[in-house]
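A closer look at the structure
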Amino acid sequence: MINIIPQNIIRFFVLVFIQVVILNNLQFSGFVNPFIYILFILLLPFETPSWLLLIIGFVTGLTIDVFSGTIAIHTIATTLAAYARPFVLTLFAPRDGYESRTSPTLKYYDLLWIIRYSVVIVLIHHSCLFLVEVFRFSGFFYTLLRIILSSILTSILIIISQLLFYKNK
Amino acid sequence: MGFKVWDLELEFIEGEYKSLISFDMRNLLKFLIHYHVTFLFIVLEVISFTITIQNNFYQRASFINNTTEISGNIYRIYSSVVEYFNVRNENDKLALENTALRKLLKSNYIINDKNIQQANDLIYKQKYDYINAKVINNSVFRQTNYITLNKGRNQGIKPDMGVINSQGIVGIVKDVSYNFSIVIPTININAHISAKIKKNNYFGTLSWDGKDYRYALLNEIPFHVKVSKGDTVVTSGYSSIFPEGITIGVVKDFNFNQGNNFYNIYIQLSTDFMNLNHVNVVSNLYKDEQKILENSVTHD
């Protein structure tokens, strides 16, 4: 149980590194940007208290902002995603609740659950991010298209990473 | 006897009052504890929104300045590695620029105008100075793209200086720290640059619609002006940021909205923002003088 903390810290650095060094420079076409760092918030253990979740979300967003040269838009979006996570977890809870000492990974839950859980959080995060980035409602459908396409790409990356690292059935 | 009763009454009232207060405080505390997550959430969001809005209206906070120093150093290391992949491309570009500059050498021209020779020192007074810098971080796919340069205040870069490269204009310096500076490129939805059509000198404002990093919009060109595809668009030199006549791009397409007196002109930008490496920061040596004069007129 004690190695959960170093494990998460390492995951944080790896995801921030991937986001900043690779994904921020390797956009696929005009308006599709994957933001894989949200996976860090998704994978935190179930027992994480909500207030800690918020602080972690805030710090994660701030780190990405500093390295992307954007001002606080990732912070706003990631804090919102961290706030929403407990509600989404309650929404998708299994009949007998979450077992303790498990984490939201493919090791403990089936693929369909992972997909539903990830897609909802990613949609919340990306919607907030792109709307705040544009900061206006003109060209709303263009923004909407960016949100949907980017969310799909991020979700696919998240599912792939789950299949790669947690599939041991 | 009466005295004691009075005392007791007072004590009683005070006690009730106290319990009333503590009751209220307890309720408030209970409320706070019950909703502490939501409160924390609101506080954090207010903090981050404040940072965002402050930045939209004012210069970046010194907080950002300091963080730029940290992330800037990491990007410098990163770009020193990536640089090698672009060496061939960059060499080709530099060679082309060398040729272009060689054509401009004074020895290539015969000076036969007597006026120029007489007034040599006045004609050749230097107005613009250039500082070479390297791009260490760049984005093209966001709505608010920014570029980070490896030089800053210590190397003489100040906010509101223009940035160009061998292909054309790049952007305007927004903020500087000691060793790094941040540039708003043409392809940022908040960027507005004064531009004109080279062949007839009509000027308008260049802006970006946030869609494709290769194209920008030229607004405020009135409908009676003759525009055709392939016209070159250059800087106007009115803003005292860029010298006059730096290439921006060519007219790719244009149309005309009903009920509007101005064209919508689409410009194909000559600068390849995807592939930026070496840039020149333009310093206008007479900028302060021009600004003071212009301000003194508007204050009348």
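Anything mentioned here points back to the structure above.
Conventions and cut-offs
- Residues numbered from 1 in each chain as written.
- Chains lettered and ligands numbered in written order.
- Predicted model: local features only at pLDDT ≥ 70, side-chain atom pairs only at ≥ 80, totals over all residues.
- Contact = placed C-beta atoms within 7 Å.
- Helix = DSSP H or I, 4+ residues; strand = E, 2+ residues; numbered from the N terminus.
- Core = buried A, V, L, I, M, F, W, Y, C linked by C-beta atoms within 7 Å.
- Buried ≥ 20, exposed ≤ 12 C-beta atoms within 10 Å, placed from the backbone.
- Domains from an automatic or database assignment.
- Axes fitted to C-alpha atoms, helices over the stretch in contact; angles between N-to-C directions.
- Parallel < 35°, antiparallel > 145°, perpendicular 65-115°, else oblique.
- Left-handed = near helix turned anticlockwise from the far one by under 90°.
- Nonpolar A, V, L, I, M, F, W, Y, C, P; charged D, E, K, R; others polar.
- Expected span 1.5 Å × (residues − 1).
- Pairing = 2+ DSSP bridges.

Our next topic: the interface of chain A and chain B. Accessible area lost upon the coming together of the parts is a frequently used measure of interface size. Of the residues lining the interface, 24 residues belong to chain A; the matching set on chain B comes to 26 residues. At the level of elements, helix H3 (50–68), helix H4 (73–91) and helix H5 (111–134) of chain A are the ones that each hand at least two residues to the side of chain A that touches chain B. The element that contributes the greatest number of residues to the side of chain A that touches chain B is H3(A), accounting for six residues.

B:Val183, B:Ile267 and B:Val279 are the most contacted members of the largest nonpolar core, which totals 47 residues. Counting contributing residues per domain, this core is built from domain 2 (56–186 + 277–298) and domain 3 (193–270) of chain B, each supplying no fewer than three. Each residue touching B:Val183, except ones within four places of it in the same chain, is listed here: B:Tyr146, B:Ile147, B:Leu149, B:Val163, B:Val170, B:Gly171, B:Ile172, B:Val173 and B:Lys174. Counting 39 residues, the second-largest nonpolar core is a separate cluster that includes A:Leu39, A:Phe58, A:Tyr83 and B:Ile51.

What follows deals with the packing of H4(A) against H5(A). In helix packing, the relevant descriptors are the interaxial angle and the interaxial distance, both defined with respect to the helix axes. Residue and element names in this part refer to chain A. Relative orientation of the contacting elements H4 and H5 amounts to 150°, with a least axis distance of 9 Å. Comparing the axis directions of H4 and H5 gives the class roughly antiparallel. Handedness of the H4/H5 crossing: right-handed. On the side of H4, the interface is formed by Ile73, His74, Ile76, Ala77, Thr78, Leu80, Ala81, Ala84, Arg85 and Val88, while H5 contributes Tyr117, Val120, Ile121, Ile124, His125, Cys128, Leu129, Val132 and Glu133. In the contact of H4 with H5, the residues fall into 14 nonpolar, three polar and two charged.

Residue and element names in this part refer to chain A. With 27 residues, helix H6 (residues 140–166) extends 38 Å between its outermost C-alpha atoms, agreeing within 8% with the 39 Å of an ideal straight helix rising 1.5 Å per residue. Thr143, Arg146, Ile147, Ser150, Ser151, Leu153, Thr154, Ser155, Ile158 and Gln162 are the residues of H6 that are buried. Turning to H6, the residues buried within the fold contact helix H2 (38–42) and H5.

Further remarks concern the sheet that holds strand S8 (residues 215–219) of chain B. All names here are of chain B. Within the closed barrel, the six strands sit side by side as S6-S7-S8-S11-S10-S9. Their pairing is antiparallel. For this sheet the average axis-to-axis angle between neighbouring strands, irrespective of direction, equals 40°. Direction of pairing for strand S6 (residues 193–197) relative to strand S9 (residues 232–235): antiparallel, over a ladder of three bridges. Among the inter-strand pairings, Ile197 is bridged to a residue of S9, identified as Val233.

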